[in-house]
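Now for the letters of each chain:
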Amino acid sequence: MSGKKKGKLSKAERERLQREEEERQLKEEEERLLAEKEEAERLEREQKLQEERDRLEAKDLERRESELIELHLLLDGNRISANNWYEKLRKQAKWNRYMRCDGSPDPSITQEINTFINLSKEDNNKNTNSMISNATLAINLTDELENLLAETPAHEMNEKDIVQHKETIINLQNLVHFKYDEVTEEILKHSTESADPDTGNMQMVIKKDDIIICLWANLSKDPRFKGYEFPETGLAFELPKPLASMDIVVRFLYSRHDHLSSRSQSFHLQVKNLATNVMAEPEPNETKDIEVDQVDGEQKEETENLRLSENEPESVSAEDRKSSMSLVSNKDETKSLSERKTEEEEQKPPENMADETTECVTEEAPIPAPTETTFVLDENVFDLRQYRSLGGIYYFDVFRLPPQPTLRNGWTMVELVQCGMYNFPYPFETQKINNNESEKTDEKEIETLSLPPVGVSVRLPDNVLFLEQPKIGRWDFTSKEWKMDRITNVKYDQENKSITFTMDTFYTFAFMQDCYINMPFQSWELRPLGVNNVVLTVTAAITEVQIEVKGDECRLNCAPAENSVLSHIGGQWMNLKALINAMRSVGVNIFVEEDSYKYASINAKNSVAEKAAYEQMALLSSAYAFAWSRWNAESGTEHVVMKVSEHLKTQPVDDEDWKIYMVSSRRAMRLKITEYSDAFSDDLAENSEFHSTFLHMIKDGISEEALERMNQSHFLFIDCMQKLLNATKVLTFS
């Protein structure tokens, strides 16, 4: 009985429990009501935001056509003005060439250049300086013709002229080496007159303009001879012992001009236009066979066919197309970024979607995109779309020593031989005895004896920047390819910038560097310095590059550490094409090609949105700064994101002045987030609107001074900026 009483709750305890239960229920009710209130408020806010977004989208749609027309008129006006200017320059250059009275032929006129080549080959003037001057003129004519091909629009030059000019270039290049061989032969005919009294051999170095000729003639035939160094050039060789007692000549011919790579199949962009798939086969007379002389002057290369199908396709320049921004339906504009991202993941490549959903506001017929044709390279062959020779070409040869004059009874006697330089075969080739069991004289397969390799030592040029240990390529004159095999014992001294290696014979060689070693970029910034004056800073993978643009000219601003290497091009004003070629030639490449995505990691973007962004950045660049944003990598393939700031000073932009903008092929907007936000969001910034173009989006908050700067921008400056941004593609290669 006492146990039952013990299990009962007292009245006070029951009241306490009841109060706690009532408080709990009241608290839950309050929390429920609060949650309902917050949810209602959230829905109300979202509804208001959606209504405001719908209002802004409707407003954007109303003015869309007028904004696009205004942008197109502005871009087309600049493009037409720039094209007219360049056309006048080409006409003036053509007239100046016609009026030139220096005796040099016009390389674009076939009759003149063929006469020059034939007369040069038949010239009996064997003066060394005269022959080198003739070769230098041929190099200058080659450069002139290459510039003509690069700068002349496709509609001003027909296919026949293009093929003819390319044939002329090859013939001029062959003439250059023909003259260098003549120089070599003329010197070697009198080797004994220039013999070194200490060694008994002949050593000679000739430096002229962009070439160096180093000659060593084995007159003493000392079997203990090891090798020789040309101290003033940084070139040295180690001679195999079997050659020490032979009548031979070793030659280094160094040229800063690469006349070989362009003959390789992998050098040119391998594409074909879609239109060629439905075209008839070319007529036989559309194919020209071009005879290419062997560099050593003794033999001739197999006939090289320049087929029209192998020519580089004519690309449509950025200035010849209208703005990529176009009129489209507003059907998909209300979709959230996450929904659009889901759709984007199913679209490969992203450009396809843009092409399908974008209606071009232009009367021009659509241009079909080229399709790539691939070919398989051997693993020992350099892909010249990825690698390029750096620092020049080294022609390393061994020749038979020509008969030397002798004195007999007061007479100078010389054995007459057929003119020309003759290569000395190494390794030696021996043939086995004919098969005695057969009456025929069939010979068995030639065997090459195992002989010591040839040693080479090179001090790398001081005016070239090697960003990693250079790879060594040897030129195969048969397959016309740079190969990496048969080169051993490579030792690289980075401190002294020298490299030593061995080869199984004498090869033409060059040092190769990856064109995309500096990609992808880490960041970039485009900052105005004044009207028609900006500076583009690209922090690449290894180096930082700063390019200043003023008017239609550019210059490379060198860092102090690079002054000694790049001093010959740094600070010099030149046009954009010349700057690109100059920077690539010294190993500083931040410029891309159509197929660069194969060799560098990229942040793939819609090509229409990217092109539109570059066009309008160029229009605004005199007054606005643009920079890399980390959100560009998280905005999807259909949008590009960057930092933007109105900047009318020459000092760097302060961090708090940057604003985030997002551009697509249909719309531009300012985002609410900052560079330091925790997560990406496509929410519209407060007091901001949608616009159909990036230009009108920026002009929403532009100051009068900035607007005046923008209106004062010269069409040549705008054209140069568009080409520079399209050449670097900072939005996708960062």
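Analysis parameters
One numbering rule holds for all chains: residues counted from 1, following each sequence as written. In view of the model being predicted, local features appear only for residues whose pLDDT reaches at least 70, and side-chain atom pairs are presented and counted only at 80 or more, with totals across whole chains, interfaces and linings using the full set of residues. No hydrogens and no water enter the side-chain calculation; it runs on all heavy atoms of the structure. Secondary structure follows DSSP: runs of H or I at least 4 residues long count as helices, runs of E at least 2 residues long count as strands, and numbering of each begins at the N terminus. Buried, partly exposed and exposed residues are distinguished by accessible area as a fraction of the type maximum, computed with a 1.4 Å probe on protein chains only: under 20%, between the cut-offs, and over 50%, respectively. Residue contacts are counted whenever heavy atoms from the two residues lie within 4.5 Å of one another. In this text, buried Ala, Val, Leu, Ile, Met, Phe, Trp, Tyr and Cys residues form a nonpolar core when linked through side-chain atoms within 4.5 Å. Salt bridges are counted wherever a side-chain nitrogen of Lys or Arg sits within 4 Å of a carboxyl oxygen of Asp or Glu. Pairs of N or O atoms within 3.5 Å make up the polar contacts considered here, provided that, within protein, one atom can donate a hydrogen while the other can accept it, and that residues adjacent in sequence are counted only when both atoms are side-chain atoms. Side-chain rings of Phe, Tyr and Trp, where Trp is taken by its six-membered ring, are said to pair if the distance between their centres is within 6.5 Å; with planes under 30 degrees apart they count as stacked, over 60 as edge-to-face, and otherwise as tilted. Charge-over-ring placement is defined geometrically: NZ (Lys) or CZ (Arg) within 6 Å of the ring centre, and within 35 degrees of the ring normal. Axis definition: a line fit to C-alpha positions, over the contact stretch in the case of helices; interaxial angles, taken between N-to-C directions, run 0 to 180 degrees. In this scheme, roughly parallel covers angles under 35 degrees and roughly antiparallel covers those over 145, while 65 to 115 is roughly perpendicular and the rest are oblique. When the near helix sits turned anticlockwise from the far one by under a right angle, the crossing is termed left-handed; a clockwise turn instead gives a right-handed crossing. Basically, the charged four are Asp, Glu, Lys and Arg, the nonpolar ten are Ala, Val, Leu, Ile, Met, Phe, Trp, Tyr, Cys and Pro, and anything else, Gly included, counts as polar. Here the expected span of a helix is defined as 1.5 Å times the quantity of residues minus one. Pairing between two strands is assigned when DSSP locates at least 2 bridges connecting them. pLDDT measures how confident the predictor is about each residue, on a scale from 0 to 100.

(A) View of the overall build of the chain. Along the backbone of the chain there are 13 helices and 28 strands. Per-residue burial for the chain yields a buried fraction of 45% across its 734 residues. Contacts in the chain between residues far apart in sequence, at least 24 positions, make up 69% of those at least 6 positions apart.

(B) Expanded view of the nonpolar core. Counting 68 residues, the largest nonpolar core has Ile547, Met583, Phe626 and Phe694 as its most contacted members. Residues contacting Met583, with those up to four places away along its chain left out, are Val545, Ile547, Leu556, Ile569, Val588, Asn589, Ile590 and Phe591. Counting 38 residues, the second-largest nonpolar core is a separate cluster that includes Phe116, Ile117, Val176 and Tyr395.

(C) View of the environment of Leu9. Summarising the element assignment, Leu9 is placed in the loop between helix 1 (2-7) and helix 2 (11-99). The residues contacting Leu9, other than those within four sequence positions of it, are Arg14 and Leu17.

(D) Region of the structure containing the side chain of Thr184. Following the sequence through the fold, Thr184 ends up in helix 5 (residues 159-188). Assessed through its relative accessible area of 0%, Thr184 is described here as buried. The residues touching Thr184, leaving out its near neighbours within four places in the chain, are Ile213, Leu215, Arg251 and Met421.

(E) Inspection of the pattern of salt bridges at higher detail. Overall, the coordinates contain 33 salt bridges when judged by the stated rule. In this structure, Arg97 engages Glu144 in a salt bridge whose closest nitrogen and oxygen atoms are separated by 2.5 Å. Within this pair, whereas Arg97 is found in helix 2, its partner Glu144 is found in helix 4 (residues 128-151), the two being separated by 47 residues in sequence. For Arg97, a relative accessible area of 10% translates into the label buried.

(F) Spotlight on helix 9 (residues 576-585). Listed as buried for helix 9 are Leu576, Leu579, Ile580, Ala582, Met583 and Arg584. Where helix 9 is buried, its residues meet strand 10 (387-400), strand 23 (544-550), strand 24 (553-557) and helix 13 (715-728). Backbone nitrogen of Lys577 and a side-chain oxygen of the N-cap are separated by 3.2 Å at the start of helix 9; the cap is Asn575. Taken from the residues just after helix 9, Gly587 is the one with a positive phi, measuring 95°.

(G) View of the packing of aromatic side chains. Applying the stated criterion to the full structure yields 23 aromatic pairs. A cation sits over an aromatic face here: Arg474 above Tyr507, 4.7 Å from the ring centre. Of note, Arg667 hangs over the ring of Phe690, and the distance from its end group to the ring centre comes to 4.2 Å.

(H) View of the packing of helix 4 against helix 5. The contact between helix 4 and helix 5 brings their axes to 9 Å, and the two run at 160°. As far as their axial angle goes, helix 5 and helix 4 are roughly antiparallel. In the crossing of helix 4 with helix 5, the sense of the turn from one axis to the other is left-handed. For the contact of helix 4 with helix 5, the per-class residue count stands at 17 nonpolar, 6 polar and 5 charged.

(I) Examining unusual backbone geometry more closely. In this structure, the amide linkage connecting Tyr426 to the following residue, Pro427, adopts the cis form with an omega of 0°. Residue Pro520 is reached from Met519 by a cis peptide bond, and omega for that bond is 0°. In this fold, Pro520 is placed in the loop between strand 20 (508-514) and strand 21 (523-530). The phi angle at Asn532 is positive, at roughly 60°, despite the residue not being glycine. Inspection of the secondary structure puts Asn532 in the loop between strand 21 and strand 22 (533-539).

(J) Spotlight on helix 10 (residues 607-620). In a regular helix each residue adds 1.5 Å, so 14 residues correspond to 20 Å; helix 10 covers 20 Å between its end C-alpha atoms and thus fits that length. Burial analysis of helix 10 places 13 of its 14 residues in the buried class, the great majority of the element. Capping the start of helix 10 is the job of one residue whose side-chain oxygen sits 2.7 Å from the backbone nitrogen of Val608: Asn606.

(K) Representation of the sheet that holds strand 27 (residues 659-663) in the model. What the 8 strands build is an open sheet, ordered 24-23-22-21-25-26-27-28; its pairing is antiparallel. Looking at which strands have only one partner, the edges of the open sheet turn out to be strand 24 and strand 28 (668-670). In this sheet, neighbouring strand axes are inclined to one another by 25° on average, regardless of whether the strands run parallel or antiparallel. Sheet analysis places strand 25 (residues 624-627) next to strand 26 (residues 640-646), joined by 4 bridges and oriented antiparallel. For Phe626, the partnering residue across the bridge sits in strand 26 and is Val644.

(L) Up close: the packing of helix 2 against helix 10. The N-to-C vectors of helix 2 and helix 10 enclose an angle of 75°; their axes lie 12 Å apart at closest approach. In terms of axis orientation, helix 2 runs roughly perpendicular to helix 10. For the pair formed by helix 2 and helix 10, the contact residues are Leu71, Leu74, Leu75 and Asn78 on the first element and Glu615, Gln616 and Leu619 on the second. Of the residues assigned to the contact of helix 2 with helix 10, the class counts are 4 nonpolar, 2 polar and 1 charged.

(M) Highlighting the confidence of the model for the chain. In the predicted model, the chain carries a mean pLDDT of 82, and the fraction of residues at 70 or more is 80%. Of the regions scoring below 50 in pLDDT, residues 273-371 engages in 181 contacts with residues more than four places distant in sequence or in other chains. For the stretch residues 430-449, pLDDT sits under 50, and the model shows 18 contacts to residues farther than four places along the chain or on other chains.

(N) Structural detail: the sheet that holds strand 19 (residues 498-503). Strands sit in the order 3-4-15-19-18 across an open sheet of 5 strands; the sheet is antiparallel. Pairing within the sheet leaves two strands with one partner each, and these edge strands are strand 3 (227-230) and strand 18 (487-493). If you compare each strand with its neighbour and ignore which way they point, the axes differ by 10° on average. Inspection of the sheet shows strand 18 paired to strand 19 by 5 bridges, in the antiparallel sense.

(O) Inspection of the pairing of strand 22 at higher detail. Strand 22 sits mainly inside the fold: 6 of its 7 residues count as buried. Relative to strand 22, strand 21 runs antiparallel, the two being bridged by 7 bridges. The partner of Ser523 across the bridge, within strand 22, is Thr539. Hairpin geometry of strand 21 and strand 22 is characterised by an intervening segment of 2 residues between the two adjacent antiparallel strands and by a positive phi of about 60° at Asn532.

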